[in-house]
Amino acid sequence: MPGWKVECVGDDIAWMRFDDEGRLRAINPENGFFGVAPGTSMDTNPNAMRTINRNTVFTNVAETSDGGVWWEGMEKPEEGVEITTWLGKKYDPTDKNMKAAHPNSRFCAPAAQCPIMDPAWESPEGVPIDAIVFGGRRPKGVPLVYEAFNWTHGVFIGAAMRSEATAAAEHKGKSIMHDPFAMRPFFGYNFGQYLSHWLSMQDRPNAKLPKVFHVNWFRKAEKGGFLWPGFGENSRVLDWICRRVDNEDCAQESPIGHIPAEGSLNLEGLKEAVDMQELFSLPRDFWTQEVKEIEKYFSQQVNDDLPNEIANELQKLGERVEKL
């Protein structure tokens, strides 16, 4: 989008702490990027492709006869170049059951090779955090973006996250799994205490807490196909998020949080039409079931350790959904 510049600090891990002025800051504790290869291409993520063009380790990808690597989603090799699958077999593109690369094949490259790396990415002071953006793959019911009412509600949104299973998870198929904070496999201690720790941030003296948002790039239309074009167009959602961080009046209240006011998302220059009404619709039946699933998960997985504040947020969500 014109007028914006995006720089990268890290991949998918951040260590956060408050500075002396009460502002949350984050550092990247890693030295490189560890990403899923299939689907990565010059069309979907050109900066990732430029990052991994040298000094990179690949695991379980396909090999090309000219000494390169290949996976599903990449540009096709030049004519005459043969592909050997990750299992060592000759790749036959007409065999729909054959995968050239493992679905969870990976690349690992030095972060410093990323062409949009922030010059201060290794600064010990870290970068200021103005927004925390949660997200999941939800083909139904969940709008493109919404903002938490407050910090407690934001912690609840993180705790209640659900997402369609991917190759990076141990689940198979397209089941919707609970993935709180996108951290389910990585919790190192009692989840209820984890929630209490997040909630306690608002009790810190002079704490300047970031706003909390939830995004869903993967909602599908009733007729099939994604409702939102995704990839680089997601910058339009980040633009709205940044304006909300600046307290711009560009949101309207909904039962699940603040959503963009009509016409507030910058769609100028978008190459394809988007059904904004369907993209932001909140089906009552869907959200009624969603509340039940979250309640069941909290009961079975957290039980007595669930903080009262989170239980109250769930109850209030249920009450708002009943009025849809």
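Bear in mind that the values here come from a model prediction, so they are computed numbers and not experimental data.

What to know about the environment of Leu87
Take Leu87: it is sitting in the loop between β7 (83–84) and β8 (106–110). Under the relative-accessibility criterion, Leu87 is labelled exposed at 55%. Expressed as a C-alpha distance, the spacing of Leu87 and Ala62, which sit 25 residues apart in the sequence, is 8.2 Å.

Things to note about the side chain of Asp179
Relative to the helices and strands, Asp179 resides in the loop between β13 (176–178) and α3 (191–200). Here Asp179 sits buried without a salt bridge, and the closest side chain of opposite charge, Arg184, lies 4.7 Å off (N-O distance). In this structure the side chain of Asp179 is engaged in a polar contact, spanning 3.2 Å, whose partner is the backbone nitrogen of Arg184. Setting aside its immediate chain neighbours within four residues, Asp179 contacts Met161, Arg162, Arg184 and Pro185.

Observations regarding the sheet that holds β8
Pairing is antiparallel across the open sheet formed by three strands, whose spatial order is β3-β8-β4. The open sheet has two edge strands with one neighbour each: β3 (32–36) and β4 (57–59). With strand direction ignored, the average angle separating the axes of adjacent strands in the sheet is 15 degrees. For β3 and β8, the ladder comprises five bridges, and the chain directions are antiparallel. Bridge pairing in β8 places Gly35 opposite Phe107.

Overview of unusual backbone geometry
Even without being a glycine, Asn60 presents a positive backbone phi close to 60 degrees. Unlike most non-glycine residues, Ala182 shows phi in positive territory, near 55 degrees. By secondary structure assignment, the location of Ala182 is in the loop between β13 and α3.

Some thoughts on the environment of Met74
Considering the arrangement of structural elements, one finds Met74 in the loop between β6 (69–70) and β7. For Met74, a relative accessible area of 17% puts it in the buried group. Placed 59 residues apart in sequence, Met74 and Trp15 show a C-alpha to C-alpha distance of 33 Å.

Comments concerning the sheet that holds strand β9 (residues 127–128)
Pairing within the open sheet is antiparallel, and its three strands lie in the order β1-β2-β9. Looking at the sheet topology across the chains shown, the edges are occupied by β1 (15–18) and β9. Of the strand pairs in this sheet, β1 and strand β2 (residues 24–27) are connected by four bridges, and their pairing is antiparallel. For Phe18, the partnering residue across the bridge sits in β2 and is Leu24.

Structural notes on the pattern of salt bridges
Applying the stated rule across the entire model yields 13 salt bridges. As a salt-bridge pair, Glu147 and Arg244 come within 2.6 Å of each other at their nearest N and O atoms. Remark: Arg244 occurs in helix α4 (residues 235–245) and Glu147 occurs in strand β11 (residues 145–147); sequence separation between them is 97 residues. Both residues of the pair, Glu147 and Arg244, count as buried. Counted as one network, the salt bridges with shared partners bring together Arg138, Arg162 and Glu290.

Rules used in this analysis
Residues numbered from 1 in each chain as written. Predicted model: local features only at pLDDT ≥ 70, side-chain atom pairs only at ≥ 80, totals over all residues. Heavy atoms only, no water. Helix = DSSP H or I, 4+ residues; strand = E, 2+ residues; numbered from the N terminus. Buried < 20%, exposed > 50% of the residue type's maximum accessible area, 1.4 Å probe, protein only. Lys, Arg positive; Asp, Glu negative; His and termini not counted. Salt bridge = Lys/Arg side-chain N within 4 Å of Asp/Glu carboxyl O. Polar contact = N/O pair within 3.5 Å; in protein donor to acceptor, adjacent residues only side chain to side chain. Contact = heavy atoms within 4.5 Å. Pairing = 2+ DSSP bridges. Axes fitted to C-alpha atoms, helices over the stretch in contact; angles between N-to-C directions.

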